[in-house]
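Overview (structure and organization)
Here are the chains, one letter per residue:
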Amino acid sequence: MRRIVALTLAVMVTLAATAAFAGALFGGNYHYIAPADFKKWLETGKKVQIVDIQVPAEYQQHHFKGALQTNAFPVKSAEEKQKLDRVLPQLTASREEIVIVCPRGGGGAKNTYDYLKGKGIAEARMLILEDGMQGWPYQALVTQGK
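These remarks concern the structure in this document. This structure is a prediction, so every number in the text was calculated from the model and none was measured.

**Things to note about the environment of G120**
You can see G120 is positioned in the loop between helix 6 (107-118) and strand 5 (126-129). Exposure remark for G120: the relative accessible area of 64% places this residue in the exposed category. For the pair formed by G120 and L88, sequence separation is 32 residues and the distance between their alpha carbons is 9.6 Å.

Here it is as structure tokens:
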């Protein structure tokens, strides 16, 4: 019986270590915010930094008031990452939570999260808007134009 317990424990520890290593190697766990929760933040005036990485045409079509327009999507090239560098001083100067907004809440948002994390922004401050702007159901809370 002790052998079975020891073997089970060893397997569990190995699986946990493998998962942690894979997470470190292939990107970590990302923190998300549901549209309904972000809606509450907007409605109550909660102070938050909104990093919008949409391309210019999509930003013009719809964005959140006060969002930091970066046009960095998909945040793969050095040029796109430099666009994030422009807002980095503002992000590091505050302690507010950061909501990353991209077209669909996928790869571009994760790339932004990883890049900002690498620049010293605490993961505890960063959230990705689930489903991005295309999945945002509360159109009355978005702005059009600049």
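Right, picking up where we left off after that structure.
**Some details on the sheet that holds strand 1 (residues 32-33)**
An order of 1-5-4-2-3 is seen for the five strands of this open sheet, with the pairing classed as parallel. Across the chains shown, the open sheet's two edge strands, defined by having one partner strand only, are strand 1 and strand 3 (68-69). As paired strands, strand 4 (residues 97-101) and strand 5 are joined by three bridges and run parallel to one another. In the sheet register, I98 faces strand 5, and the bridge partner there is M126.

**As for the packing of aromatic side chains**
Counted according to the given criterion, the structure contains six aromatic pairs. Residues Y30 and Y113 carry aromatic rings whose centres are separated by 5.0 Å and whose planes lie at 80 degrees to one another, so their mutual orientation is edge-to-face. With Y30 in the loop between helix 1 (2-25) and strand 1 and Y113 in helix 6, the pair connects residues that are 83 residues apart, well separated along the chain. Relative accessible area serves as the criterion here: at 18%, Y30 is assigned to the buried category. Y113 sits in the buried class, given a relative accessible area of 1%. On the numbers, 5.3 Å between centres and 75 degrees between planes, the contact of W136 with Y138 is edge-to-face. Under the relative-accessibility criterion, Y138 is labelled partly exposed at 27%.

Reading the values: the criteria
- Residues numbered from 1 in each chain as written.
- Predicted model: local features only at pLDDT ≥ 70, side-chain atom pairs only at ≥ 80, totals over all residues.
- Heavy atoms only, no water.
- Helix = DSSP H or I, 4+ residues; strand = E, 2+ residues; numbered from the N terminus.
- Buried < 20%, exposed > 50% of the residue type's maximum accessible area, 1.4 Å probe, protein only.
- Pairing = 2+ DSSP bridges.
- Phe/Tyr/Trp six-rings, centres within 6.5 Å; stacked < 30°, edge-to-face > 60°.

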